[in-house]
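These are the residues of each chain, in order.
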Amino acid sequence: MEELDVEPAVTWIPGVNSKKKQLCFDWGPGEMLVCETAFNIREKSENVPSCPFIYIIRKDVDVYSQILRKLFNESHGIFVGLQRSEEELSGKSRKAQLVRVSKNYRSVIRACMEEMHQVAIAAKDPASGRQFSSQVSILSAMELIWNLCEILFIEVAPAGPLLLHLLDWVRLHVCEVDSLSADVLGSDNPSKHESFWNLVTVLVLQGRLDEARQMLSKEADANPPSAGMCRILGDLMRTMPILSPGNTQTLTELELKWQHWHEECERHLQDSTFAASPRLETLCKIMLGDEAALLEQKELLSNWYHFLVTRLLYSHPTVKPIDLHFYAQSSLDMFLGGESSPEPLDNILMAAFEFDIHQVIKECSIALSNWWFVAHLTDLLDHCRLLQSHNLYFGSNMREFLILEYASGLFAHHSLWQLAVDYFDYCPELGRVSLELHIERIPLNTEQKALKVLRICEQRQMTEQVRSICKILAMKAVRNNRLGSALSWSIRAKDAAFATLVSDRFLRDYCERGCFSDLDLIDNLGPAMMLSDRLTFLGKYREFHRLYGEKRFGDAASLLLSLMTSQIAPRSFWMTLLTDALPLLEQKQVIFSAEQTYKLMRCLEDLTSRTLECGEHDAPPVQDDDIETTKVEMLRLALARNLARAIIREGSLEGS
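What you see is a predicted model, and the numbers here were worked out from it, not measured in a lab.

Criteria and cut-off values
- Throughout this document, residue positions are counted from 1 along each chain, in the order its sequence is written.
- A pLDDT threshold of at least 70 governs which residues receive local features in this predicted model, and a stricter bar of 80 or more applies before side-chain atom pairs are shown or counted, although totals over entire chains, interfaces and linings include all residues.
- The side-chain numbers reported here are obtained from all heavy atoms of the structure, hydrogens and water having been left aside.
- Each helix is a run of H or I in the DSSP string that is no shorter than four residues. Each strand is a run of E no shorter than two, and both are numbered from the N terminus.
- Accessibility here uses a 1.4 Å probe with only protein chains present; expressed as a share of the type maximum, an area under 20% marks a residue as buried, one over 50% as exposed, and anything in between as partly exposed.
- For this analysis, residues touch if any pair of their heavy atoms sits within 4.5 Å.
- Note on areas: Shrake-Rupley with a 1.4 Å probe; residue coverage comes only from the protein chains shown.
- Helix span is expected to be 1.5 Å times the residue number reduced by one.
- We call a pair of cysteine sulfur atoms a disulfide whenever their separation is within 2.5 Å.
- Each axis is a line fitted through C-alpha atoms, taken for helices only over the stretch in contact, and angles between the N-to-C directions span 0 to 180 degrees.
- For classification purposes, an angle smaller than 35 degrees is called roughly parallel, one larger than 145 roughly antiparallel, one from 65 to 115 roughly perpendicular, and anything else oblique.
- Rotating anticlockwise by less than a right angle from the far helix to the near helix defines a left-handed crossing, while the corresponding clockwise rotation defines a right-handed one.
- Any residue that is not Ala, Val, Leu, Ile, Met, Phe, Trp, Tyr, Cys, Pro, Asp, Glu, Lys or Arg is counted as polar, Gly included; the first ten are nonpolar and the last four charged.
- A pair of aromatic rings is counted whenever rings of Phe, Tyr or Trp (Trp by its six-membered ring) have centres within 6.5 Å, and the orientation is called stacked for planes under 30 degrees apart, edge-to-face for over 60 and tilted otherwise.
- To sit over a ring, a charge needs its Lys NZ or Arg CZ within 6 Å of the ring centre and within 35 degrees of the ring normal.
- In protein, a polar contact means a hydrogen-donor-capable atom and an acceptor-capable atom, both N or O and within 3.5 Å, with residues adjacent in sequence counting only if both atoms are side-chain atoms; elsewhere, any N or O pair within 3.5 Å suffices.
- Basic side-chain nitrogens of Lys or Arg form a salt bridge, by our definition, when they fall within 4 Å of a carboxyl oxygen of Asp or Glu.
- Here, the term nonpolar core denotes a set of buried Ala, Val, Leu, Ile, Met, Phe, Trp, Tyr and Cys residues that are joined through side-chain atoms within 4.5 Å.
- Every residue gets a pLDDT, meaning the predictor's confidence in that residue, from 0 to 100.

1. Quick notes on the overall build of the protein chain
If you tally the helices and strands in the protein chain, you get 30 helices and 3 strands. Evaluated residue by residue, the protein chain yields a buried proportion of 46% over its 656 residues. Pairs at least 24 apart in sequence give 63% of the contacts found in the protein chain among residues at least 6 apart. Total accessible area on the protein chain stands at roughly 34,200 Å², and carbon and sulfur atoms take up 52% of it.

In structure tokens:
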């Protein structure tokens, strides 16, 4: 059964009193428009909005951060590379590959965090500095959670190596000790530095016993009376049994050695070996796993999970993964001591220690400000085959749902939308449908951007979207009077109606100017001219002009006649075609045969006999126009002359 979600956080809109004024809103794919209305039932007299602004509420504001954009760009390559590994490796090779991918994700987070930290330091505006510092904290928490999930769910470290991984985890994320060490060692007399013993204690708390021994040797050199105690404690640190990565000893052997070592530490404590030095005695108690002694170092431990790992190191070094959550819960309770409640980060880490993957993802979805983390972590865990049994009640699985949410947020950005396309591609159930819906909403501000969108649609055989984009671009071209571009887009869209419209514009321009524009396009229409009758006519009419220019009068005459008799020429253009026939009729050589001349005469009479009452609204009333009347008379005279010449010529040929 699905758990109910928590109530969403309330977003306050400045200047708007929702108790007195009603709001109207409109949803978008990645944002919402909100404005106050004048409609008010209770106070009809107050009909002017008190807040005359329209607000844009964005779902994923992080996509507009310049630094976080690097996170999105870099992780996109890792994500796609993981999806494209066609043949999943098996066994240890597969596990190593997934661990490598996880480390790549973490390295991207850390690089972003370090850059954000530098920006926060350099920020001149205090508000901006606080904002960047907040982002650093969020990125740090993201890496902390991811690293723990990597250890528990991807590495799946067994008892023994598990503690080594947890120690590395704490050392990486509780890194104040490095700057503290630099300060102490950089002083003239390290053992007299005010933070010397804090440094030694922290090194012991983090299990960095070799470094702690080196610090104790400095104390022994500077303080001869304590040299013996420092040497004994140093020997205890040196002999502490730890399962190293290349060690072949079994857990049983390790436990026996550790038990013997533990008893030796306890004996020294009971014998008051370190009674003369309370600080050394405290260190010995820590190494015995004394919980009271550990809790006294709360300030140095800084958080409960550091306390947990130190406690395990000195009390349960061979802890099994299945027992982790018991120690984690008790450590959290002891560390907080009832003085404060767990933070969201604490709940997430606790869910991880309980091996409750779905709770980790849910808590992260609520706590984090964007979908990047949960989308990529869930995808990686899905490749580990840890989420395949968890389907959501609305038809998608968790991985796909989170990736779709993340990709939808990217689509709200003017350039990151290109990354989102790949995320949609790798969502087999709802990815294509979501991509179709989002890609239709991309503003085609420039032709370059339109070509990118078009290429994406064509690669995915998104026919309807291709047609829609081509139509939009064709309309823009027509409005800008770029007829060649408009015709090209309409052909690409395979839109016969729009191709007809653009062809008519070409013909109208020809009638007005006496020449064609974009000759290269019209000359190379090829099979595309079959898209519509008008486009076919345009192409063939241009071919007529080319034949005429090449003085191939016979071919030109035949083509001109076929254009008129095949009914593909618009009737409004017949007079232009007949006028184009005049030079051919006046040639010394007879071009049109008697039969062809009769056909031309029939077309002329048909044109002049048509009236608007017959329904031919596109046919101009030529009888009422002096110029048109003159053209008709000239045509009749030329046709009559040509007919006589053609009859004489044909009769002469028959007689011979």
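Next comes the rest of the account.
2. Things to note about the environment of G207
Within the element layout of this structure, G207 appears in the loop between helix 6 (196-205) and helix 7 (209-222). Taking the C-alpha atoms as reference, G207 lies 9.2 Å from M287; in sequence the two are 80 residues apart. Filtering out sequence-adjacent residues up to four positions away, G207 remains in contact with R171, L313 and Y314.

3. Some thoughts on helix 1 (residues 66-84)
A rise of 1.5 Å per residue sets the reference length of helix 1, with its 19 residues, at 27 Å; its end C-alpha atoms lie 28 Å apart and thus fit the reference within 8%. Those residues of helix 1 lying buried are I67, L68, R69, L71, F72, S75, H76, I78, F79, V80, L82 and Q83.

4. Side note on the environment of L23
For L23, the position within the fold is in strand 1 (residues 23-27). Owing to a relative accessible area of 35%, L23 belongs among the partly exposed residues under this scheme. Measuring from C-alpha to C-alpha, the distance between L23 and E36 comes to 4.5 Å, with 13 residues separating the pair along the chain.

5. A short note on the state of the cysteines
By the definition in use, this model includes 0 disulfides. For C457, which is in no disulfide, the shortest distance to another cysteine sulfur is to C470 and amounts to 9.2 Å.

6. Describing the packing of helix 9 (residues 251-270) against helix 10 (residues 278-287)
At their nearest, the axes of helix 9 and helix 10 sit 10 Å apart, and the two run at 150° to each other. Taken together, helix 9 and helix 10 sit at an angle that is classed as roughly antiparallel. Relative to helix 10, the crossing made by helix 9 is left-handed. Contacts from W261, C265 and L269 in helix 9 reach E281, C284, K285 and M287 in helix 10. Residue classes in the contact of helix 9 with helix 10 are distributed as 5 nonpolar, no polar and 2 charged.

7. Side note on the packing of aromatic side chains
Across all of its chains, the model carries 18 aromatic pairs by this definition. Centre to centre, the rings of W169 and Y305 are 5.3 Å apart; their planes meet at 40°, and the pair counts as tilted. Residue W169 is located in helix 4 (residues 161-173), and its partner Y305 is located in helix 13 (residues 304-315); the two are separated by 136 residues in the primary sequence. Assessed through its relative accessible area of 0%, W169 is described here as buried. Look at F411 and W417: their rings are 6.2 Å apart centre to centre, the planes differ by 40°, and that puts the pair in the tilted class. Take F411 and W417: they sit in the same class, and that class is buried. Among the aromatic residues, ring-to-ring pairing joins F72, F79, Y406, Y423 and Y426 into one connected group. The residue whose ring lies beneath K298 is F335, and the NZ or CZ to ring-centre distance is 5.4 Å.

8. Section: unusual backbone geometry
Phi is positive for F355, which is not a glycine, with a value near 60°. Structurally, the position occupied by F355 is in the loop between helix 15 (344-353) and helix 16 (357-367). A relative accessible area of 32% means that F355 is categorised as partly exposed. With phi around 60°, R385 is a residue other than glycine that occupies positive phi space. With respect to the secondary-structure elements, R385 resides in the loop between helix 17 (372-383) and helix 18 (398-410). The exposure class assigned to R385 is exposed, which follows from its relative accessible area of 51%.

9. A few points about the packing of helix 13 against helix 15
Put simply, helix 13 and helix 15 touch, their axes get as near as 11 Å, and they point 30° apart. Residues W304, Y305 and L308 of helix 13 form the contact with helix 15, whose own contacting residues are D346, L349, M350 and F353.

10. Comments concerning helix 18
For helix 18, which comprises 13 residues, the first-to-last C-alpha distance of 19 Å matches the rise-based estimate of 18 Å (1.5 Å per residue) to within 8%. For helix 18, the buried fraction is high: 11 of the 13 residues fall into the buried class. Those residues of helix 18 lying buried are M398, R399, E400, L402, I403, L404, Y406, A407, S408, G409 and L410. On its buried face, helix 18 sits against helix 1, helix 16, helix 17, helix 19 (417-425) and helix 20 (431-439). Where helix 18 begins, one side-chain oxygen reaches toward the backbone nitrogen of R399, 3.3 Å away; that side chain belongs to N397.

11. Quick word on the pattern of salt bridges
Taken as a whole and assessed by the stated rule, the structure comprises 18 salt bridges. In this structure, the salt-bridge partner of R208 is D178, at a minimum N-O distance of 3.3 Å. Here D178 lies in helix 5 (residues 176-185) and R208 lies in the loop between helix 6 and helix 7, a separation of 30 residues in the sequence. The closest approach of N and O atoms between E291 and R311, which form a salt bridge, is 3.4 Å. Here R311 lies in helix 13 and E291 lies in helix 11 (residues 291-295), a separation of 20 residues in the sequence. Residue E291 is classed as partly exposed on the basis of its relative accessible area, which comes to 33%. Judged by relative accessible area, R311 falls into the buried class, the value being 9%. Sharing partners across several salt bridges, the network here consists of K103, R106, R110, E143 and E150.

12. Regarding the side chain of E143
By the element assignment, E143 lies in helix 3 (residues 126-155). According to the relative accessible area criterion, E143 is buried, its value standing at 2%. A polar contact is formed between the side chain of E143 and the side chain of R110, at a distance of 2.9 Å. Those residues in contact with E143 that sit more than four places away from it in its chain are R106, I109, R110, M113, L172 and H173.

13. Here we look at the environment of L368
Within the secondary structure layout, L368 lies in the loop between helix 16 and helix 17. Look at L368 and you get buried, because its relative accessible area is 15%. As a C-alpha pair, L368 and I138 span 230 residues in sequence and 7.6 Å in three-dimensional space. Leave out the neighbours within four places in its chain, and L368 touches I138, M142 and F373.

14. Remarks on the nonpolar core
Core analysis: the biggest nonpolar cluster contains 187 residues, and L166, W169, L233, W304, F353, W372 and F373 have the highest contact counts within it. The greatest single-element share of this core, amounting to 12 residues, is contributed by helix 3. Once you skip the residues sitting within four places of it in the chain, L166 turns out to touch L148, I151, V309, L312, L324 and F353.

15. Structural notes on the confidence of the model for the protein chain
A residue-level look at the protein chain finds 83% of positions with pLDDT of 70 or above and a mean pLDDT of 81. Looking across the protein chain, the model is least confident in strand 3 (residues 54-58), with a mean pLDDT of 62, and most confident in helix 15, with 95.

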